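Residues per chain are reported as follows:
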Amino acid sequence: MKINPDSSSSSDSSYMNNNQNVSSELLCKSGTKIDTYGAIQEPEYHTTEQYIDPIIEEQLLRKLDLRMTAWGFFASFSNYLNRNNMQNAFTMGMDKDLNIDSAAYNLSVSIFFIGYTMLQIPGNILITKTLPRLVLPSFAVIWSSVVCFMPLVKSHTALWPLRFILGLAESPYYPGMMLLLGSWYKKEELGKRNMLIASGIPVAGAIGGLIASGIAKTMDGAGGLPGWKWLFITEGIIGILVGVSGYFLLPNFPHNTPWLTVEERRVAIARMQNQGIHVISNSYSWKTITNVLMRPYPWLLIILWTCIIIALGLCDNIAIILRDLDFPVAVANLMLTPLYIFGAVASILIGWSSDRTGDRAFHIAGTLLWVSIWYFILVVVNHGDNPATLVLVAAYAVNGNASTVSLCLAWLNEFFKTDHNSRAIAIGFINTLGMVIPNILNVKLWVVTDAPTFRVGKLAGMSVGIIGMTVTILIWFLIRIDFMVPKPINEQRRRIY
């Protein structure tokens, strides 16, 4: 039986019912035992690598890049655009229409992150047990729909629950996407794909202001609606279109994606087995939890992630610094666009270099050392009271640090490659605490009233750069000596779903 590679519109359940024999045959050829009930037993991995047809592999990668990686870029774009449009809406009159003061605005921003931390681990568990091509696009449609409903609110207190729900809906996307990428791409392919998808975030930062400016000039008052309402509607519709397209573009896992040919599926499975990567979910148990929490690597990566986010504080506050250095507000905001674009390009280049050399540790450590040097310069020049030119150059130099977050997740996929469920929980766990801890610390380290010098923040950036570099080298050393490296959790039976 042949499978039409363009049959993405057919349902996954129909595919499994009609092609059970094909899937079983392919899995068996890849060294996996399957019983008559569809239960998958422990794979019998070959001592030598299975042959992979390079032509079919190139065809498979092209499909994955045009579908999964491309969709991930636009989903990241939508995710960040809809998360961070509050500041644009605030300046377009939402503050007056909803009577939002500074405290109410800060709460509206903060309450998002409460929801954002709650579904990252449950979301990854859900993805391993269901179909990613249904789960991830559905969350994209939900978060975009929530944004479309925001123009209906009449007060800032009605806005808060929507911001909380928005955080819940956006929560499973990024860790889920990183889990899915690690289930398809090999080590030497994963870094740059992670970067390409993550680059949607700085691109959204660069374009978000331009979208808001265009709407303010052309749509304010259209249909009797103020510009800030059109902003939410427009960006929400963009996200809905991205989400719906995901139902047709995204894969599931190598063994149950309907738009692969027979040969492509065989190659996809062999590629993962040759790398020792498990992509079939076992039942969750306390062994899964302890396989994550009792290893040093998740905890060290949380420290590393915290250092990376804190070290990005200069870029997060550059508009405020330039404004307080007497730049016009419009000019200060406009200068963020090339900064974000530069960060996206730098991230992709670092990811490409990491894949090409097969190195994660020294790319991360080297970047953090570079960041620490620039913060040291900012601290010592005029005791932190720096001229605008130096601050702007330093912001460009530091901005490449954003790439190391994606490299950390690529590295994590390699740590936990032998157990699919442990990998899912580890990604969600690290992404959750890695977002919460630095955002709490940044409130004290990068205090707005310290602008434009931000001496405490600059000292913190210099310090966490050194700490993060040290932690990275420690992780590299522990892996080299095979210290408590995560192991597969053996169960008698594994099931596809």
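Residues numbered from 1 in each chain as written. Predicted model: local features only at pLDDT ≥ 70, side-chain atom pairs only at ≥ 80, totals over all residues. Heavy atoms only, no water.

Asks: Quick question: what am I supposed to make of the overall build of the chain here?
Replies: Per the secondary structure count, the chain includes 24 helices and two strands. Every one of the 497 residues in the chain was classed for burial, and the buried ones make up 55%. Expressed as a percentage of contacts within the chain between residues at least 6 apart in sequence, the contacts between residues at least 24 apart total 83%. (Helix = DSSP H or I, 4+ residues; strand = E, 2+ residues; numbered from the N terminus. Buried < 20%, exposed > 50% of the residue type's maximum accessible area, 1.4 Å probe, protein only. Contact = heavy atoms within 4.5 Å.)

Asks: Looking at this model, I keep getting lost on helix 8 (residues 156–170). Mind explaining?
Replies: Because each turn of an α-helix spans 3.6 residues, side chains separated by three or four positions end up pointing in the same direction. Between its first and last C-alpha atoms helix 8 spans 21 Å; for 15 residues at 1.5 Å apiece the expected length is 21 Å, and the two agree. Along helix 8, the residues that are buried comprise His156, Leu159, Leu162, Arg163, Leu166, Gly167, Ala169 and Glu170. Taken down its axis, helix 8 places every buried residue within 160° of arc, on the same side. Each element contacted by the buried residues of helix 8 is listed here: helix 3 (54–83), helix 4 (86–97), helix 5 (102–116), helix 7 (132–149) and helix 9 (173–182). (Expected span 1.5 Å × (residues − 1). Arc of directions from axis to C-beta.)

Asks: For this particular structure, what's the right way to read the pattern of salt bridges?
Replies: Side chains bearing opposite charge may pair, as long as their charged atoms lie close to each other. For the structure shown, the criterion picks out 12 salt bridges. Ionic pairing is found between Glu57 and Lys186, a salt bridge with its closest N-O pair at 3.3 Å. Placement of the pair is Glu57 in helix 3 and Lys186 in the loop between helix 9 and helix 10 (187–198), with a sequence separation of 129 residues. The class of Glu57 is buried, set by a relative accessible area of 14%. One salt bridge in this structure joins Glu189 and Arg271, with 2.7 Å as the shortest N-O distance. Linking Glu189 in helix 10 with Arg271 in helix 13 (residues 262–274), this pair joins segments that are 82 residues apart in sequence. Grouping residues by exposure puts Glu189 and Arg271 together as buried. Connected through shared salt-bridge partners, Glu57, Lys186, Glu188, Glu189 and Arg271 make up one network. (Salt bridge = Lys/Arg side-chain N within 4 Å of Asp/Glu carboxyl O.)

Asks: Would you explain unusual backbone geometry in this entry?
Replies: One can expect most non-glycine residues to show negative phi and most peptide bonds to be in trans. Of note, the amide linkage connecting Ala451 to Pro452 takes the cis form, showing an omega dihedral of 5°. Inspection of the secondary structure puts Pro452 in the loop between helix 23 (420–445) and helix 24 (455–480). For Asp326, which is not a glycine, the phi torsion comes out positive at approximately 75°. Relative to the elements of secondary structure, Asp326 occurs in the loop between helix 17 (318–324) and helix 18 (329–334). In this model, Asp482 sits at a positive phi of 60°, which is unusual for a non-glycine residue. Looking at the element boundaries, Asp482 is found in the loop between helix 24 and strand 2 (494–495).

Asks: Sorry, what's going on with the environment of Trp71 here?
Replies: Here Trp71 lies in helix 3. A sequence separation of 179 residues divides Trp71 from Leu250, and the C-alpha atoms of the two residues are 7.4 Å apart. The contact partners of Trp71, leaving out residues within four places of it in the chain, are Leu136, Pro137, Ala140, Tyr173, Met177, Val242, Gly243, Ser245, Gly246, Leu249 and Leu250.

Asks: Would you take a moment to explain a nonpolar patch on the surface for this structure?
Replies: A cluster of nonpolar side chains, contributed by Phe362, Ile473, Leu474, Trp476, Phe477, Ile481, Phe483 and Met484, occupies part of the molecular surface with about 710 Å² of accessible area. Per-element accounting of the nonpolar patch gives the leading share, four residues, to helix 24. For Phe477, the position within the fold is in helix 24. (Patch = residues over 30% accessible without salt bridge, like charges linked within 9 Å, V, L, I, M, F, W, Y side chains within 5 Å. Areas by Shrake-Rupley, 256 points an atom, 1.4 Å probe, with all protein chains shown as cover.)

Asks: Hey, could you run me through the side chain of Lys458 in this one?
Replies: For Lys458, the position within the fold is in helix 24. Of the buried charged residues, Lys458 lacks a salt bridge, with Asp385 as the closest side chain of opposite charge at 7.0 Å. When sequence neighbours within four positions are dropped, the list of residues in contact with Lys458 reads Tyr375, Leu378, Val379, Gly384, Asn386, Trp446, Pro452 and Thr453. (Lys, Arg positive; Asp, Glu negative; His and termini not counted.)

Asks: Just to check I follow, could you spell out the confidence of the model for the chain for this structure?
Replies: Low-pLDDT portions of the prediction should not be read for the details of their coordinates. Scored by pLDDT, the chain has a mean of 86; 88% of the residues are at 70 or more. Between the elements of the chain, mean pLDDT differs from a low of 32, seen in strand 1 (residues 39–40), to a high of 97, seen in helix 7. Under a pLDDT of 50 for its full length, residues 491–497 has, in the predicted model, 35 contacts with residues more than four places off or in other chains. (pLDDT = per-residue confidence, 0-100.)

Asks: Teacher, can you tell me more about the packing of helix 15 (residues 296–311) against helix 24 here?
Replies: For any two helices packed against each other, one specifies the inter-axial angle together with the distance between the axes. The contact between helix 15 and helix 24 brings their axes to 8 Å, and the two run at 155°. Put simply, helix 15 runs roughly antiparallel to helix 24. Seen along the crossing, helix 15 lies across helix 24 with a hand that is left-handed. Residues Pro296, Tyr297, Leu300, Leu301, Ile303, Leu304, Cys307, Ile310 and Ala311 of helix 15 form the contact with helix 24, whose participating residues are Ala460, Gly461, Val464, Ile467, Gly468, Val471, Thr472, Leu474, Ile475, Leu478 and Ile479. (Axes fitted to C-alpha atoms, helices over the stretch in contact; angles between N-to-C directions. Parallel < 35°, antiparallel > 145°, perpendicular 65-115°, else oblique. Left-handed = near helix turned anticlockwise from the far one by under 90°.)

Asks: Explain the environment of Gly123 here, please?
Replies: As for its placement among the helices and strands, Gly123 is situated in helix 6 (residues 120–129). Considered as a pair, Gly123 and Leu136 are 13 residues apart in the sequence and their alpha carbons are 9.1 Å apart.

Asks: Sorry if this is basic, but what is going on with helix 13 here?
Replies: Along its 13 residues, helix 13 runs 18 Å from first to last C-alpha, staying within 8% of the 18 Å computed at 1.5 Å per residue. The element helix 13 is extensively covered by neighbouring structure, given that 10 of its 13 residues are classed as buried. Three or more residues of helix 13 are buried, namely Val262, Glu264, Arg265, Val267, Ala268, Ile269, Ala270, Arg271, Met272 and Gln273.

Asks: Would you mind going over the packing of aromatic side chains with me for this structure?
Replies: This model, assessed by the stated rule, comprises 16 aromatic pairs. Geometrically, the ring pair formed by Trp228 and Phe232 is edge-to-face, given 5.9 Å between the ring centres and 85° between the ring planes. Linking Trp228 with Phe232, this pair stays in helix 12 (residues 227–249), spanning four residues, or about one helical turn. The exposure class assigned to Phe232 is buried, which follows from its relative accessible area of 0%. By the ring-pair criterion, three or more aromatic residues cluster together here, those being Trp71, Trp143 and Tyr173. Sitting over the face of the ring of Trp259, Arg67 holds its NZ or CZ atom 4.1 Å from the ring centroid. (Phe/Tyr/Trp six-rings, centres within 6.5 Å; stacked < 30°, edge-to-face > 60°. Lys NZ or Arg CZ within 6 Å of the ring centre and 35° of its normal.)

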